Amino acid sequence: MKKEQKDAIFANPLDKVATFSFDEKVVQVFPDMIKRSVPGYSNMIGMTGVIARRYWQPGTRIYDLGCSLGASMLSVLHQIPEVGLEIIGLDNSPAMIERCQQVLDQQVAEKQLTEVRCQGVHLECADICTAPIENASVVILNFTFQFLPLEQRLPLLKRIHDGLAPGGVIVLSEKVRFDHSEQQDALFDLHLDFKRANGYSELEISQKRAALENFLQAESFETHHQRFKQAGFSQSSVWFQYLNFASLLAIKAR
Ligand code: GEK
C-alpha cells in the first residue's frame, strides 16, 4: 500500500486552477489534507462512532455517504463490536473506493480488525443522490453534503428519512456559513489562520480557494435545521462546532 503523503497539491503556481476533483492525486494526500484543513476533523470522526453506537439498531445498516478512505466507518467499527454489523460505504470517486478497500485490508493485515468484521463492510462506487438507502438506523454524511448541487440536497434527505427506521439518525458534518457578515468574516479569517498554522502557504490557500469556488457550497445552521424539518426529521441539533465547521445530529421520530 502507498504511504500517506503530505498535501502539496496547491504549493506551486498553477497557470489555471482547475475545479477541485477527488482524483488519484487527492487520494494520495487525503488524510493529511483533511486533518490540516478541517478544524475538529478528528473529534467529529471519533464521535461519529460513539453516536453510531448509541443509535444503531441490530438488524439494520449503517451508511457512510461519501466515505472517502473510510475514516468514519473505521470509527464505527471500533465502537460497535458486534459481528454482523453491516456498513455500506458509498463514494463516486473510483480512486477513493479503491484506496478505501486497501485501508480496510491493511486494518485486517495489522490485526486492528478481524476479517469477519470487515466482511460486513460493503464499498460501492456510486452517486449518493441516486443510490438506494434502505433498512438503515445511522446515516453518516461527513463533509460530503456540502459538495452536492443545492437542488439535490432536500431530495437526498427525504430519501434518507424514508430509508431510516423510526429512531434512526443522520450525522451531518459540514463547513457552515453565517448570515451575519461580521460573524462570517471573523470565523472565515480564523479558518485561514488555522490553515496557516498548519503549514499551508498563502499560495496554497488562495489556489485551493479558487479550486473550491462554487464546488463547495456551505449553508447556514438555519438552512440545515429547516431542511431537516422539511425532510421529516423530528429534531436536529448542532453537537459540535469549531470555527466555521460543525456537525449536526438529526433524529427520525419513533
Ligand atoms: C471523511 N467522509 O473522511 N456521491 C458519492 N460521493 C460523493 C459525491 C456524490 N454525489 N459527491 C462527493 N462525493 C469523509 C470525507 S470528502 C470531504 C469526505 C472533503 C465524495 C467525494 O468523492 C469525496 O470522497 C467525499 O465525497 C468528500 O470523513 O474532501 O472535504
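Okay, so let's go over this structure. (Residues numbered from 1 in each chain as written. Predicted model: local features only at pLDDT ≥ 70, side-chain atom pairs only at ≥ 80, totals over all residues. Heavy atoms only, no water.)

Turning to the overall build of the protein chain, a few remarks are in order. Helices and strands together make up the secondary structure of the protein chain, namely nine helices and seven strands. Computed over its C-alpha atoms, the radius of gyration of the protein chain comes to 18 Å, within 12% of the 18 Å expected for a compact globule of 254 residues. With the C-alpha coordinates aligned to their principal axes, the bounding extent of the protein chain is approximately 50 × 45 × 30 Å. Residue burial in the protein chain is summarised as follows: out of 254 residues, 54% are buried. When contacts within the protein chain are restricted to residue pairs at least 6 apart in sequence, those whose partners lie at least 24 apart make up 77%. Carbon together with sulfur atoms contributes 50% to the accessible area of the protein chain, which is approximately 12,200 Å² in total. Here the protein chain contributes 26 positively and 30 negatively charged side chains, and the mean placements of these two sets differ by 3 Å. (Helix = DSSP H or I, 4+ residues; strand = E, 2+ residues; numbered from the N terminus. Rg over C-alpha atoms; globule rule 2.2 N^0.38 Å. Buried < 20%, exposed > 50% of the residue type's maximum accessible area, 1.4 Å probe, protein only. Contact = heavy atoms within 4.5 Å. Areas by Shrake-Rupley, 256 points an atom, 1.4 Å probe, with all protein chains shown as cover. Lys, Arg positive; Asp, Glu negative; His and termini not counted. Charge placed at Lys NZ, Arg CZ, Asp CG, Glu CD.)

Between helix H1 (residues 24-37) and helix H7 (residues 181-197), whose axes approach to 8 Å, the crossing angle comes to 135°. Accordingly, the angle class assigned to the pair H1 and H7 is oblique. Of H7, the residues touching H1 (which contributes Lys-35, Arg-36 and Ser-37) are His-191, Phe-194 and Lys-195. Residue classes in the contact of H1 with H7 are distributed as one nonpolar, two polar and three charged. (Axes fitted to C-alpha atoms, helices over the stretch in contact; angles between N-to-C directions. Parallel < 35°, antiparallel > 145°, perpendicular 65-115°, else oblique. Nonpolar A, V, L, I, M, F, W, Y, C, P; charged D, E, K, R; others polar.)

Attention now moves to the packing of aromatic side chains. Scanning the entire structure with this criterion turns up eight aromatic pairs. Pairing Phe-194 with Tyr-242 gives two aromatic rings, centres 5.9 Å apart and planes at 80°, and the pair type is edge-to-face. Residue Phe-194 is located in helix H7, and its partner Tyr-242 is located in strand S6 (residues 235-242); the two are separated by 48 residues in the primary sequence. Owing to a relative accessible area of 15%, Phe-194 belongs among the buried residues under this scheme. (Phe/Tyr/Trp six-rings, centres within 6.5 Å; stacked < 30°, edge-to-face > 60°.)

So, about the site of the ligand. Neighbouring the ligand are 22 residues; Tyr-41, Gly-66, Ser-68, Asp-91 and Asn-142 lie closest to it. Residue Gly-66 places a main-chain N or O atom 2.8 Å away from a nitrogen atom belonging to the ligand. Ser-68 is positioned such that a nitrogen or oxygen atom in its side chain is 2.8 Å from an oxygen atom of the ligand. Protein burial of the ligand: of its 660 Å² of free accessible surface, 93% is covered by the chains. Listing elements by their share of the shell around the ligand, those giving two or more residues are H1, helix H2 (41-55) and helix H3 (71-79). (Near = heavy atom within 4 Å. Polar contact = N/O pair within 3.5 Å; in protein donor to acceptor, adjacent residues only side chain to side chain.)

In this fold, Thr-48 is placed in helix H2. Under the relative-accessibility criterion, Thr-48 is labelled buried at 1%. Contact partners of Thr-48, with chain neighbours within four places excluded, come to Ser-72, Ser-75, Ile-140, Asn-142 and Val-171.

Let's shift gears to the pairing of strand S5 (residues 164-175). In terms of burial, S5 is a largely internal element, eleven of the twelve residues being buried. Inspection of the sheet shows strand S4 (residues 136-142) paired to S5 by six bridges, in the parallel sense. By the bridge assignment for S5, Asn-142 is matched with Ser-173. A crossover links S4 with its parallel partner S5, the connecting element being helix H6 (residues 153-163), and its sense is right-handed. Two elements, S5 and strand S7 (residues 245-251), share seven bridges in a ladder whose sense is antiparallel. Pairing of Lys-175 across the sheet is with Phe-245, part of S7. (Pairing = 2+ DSSP bridges. Right-handed = clockwise from strand over helix to strand, strands pointing away.)

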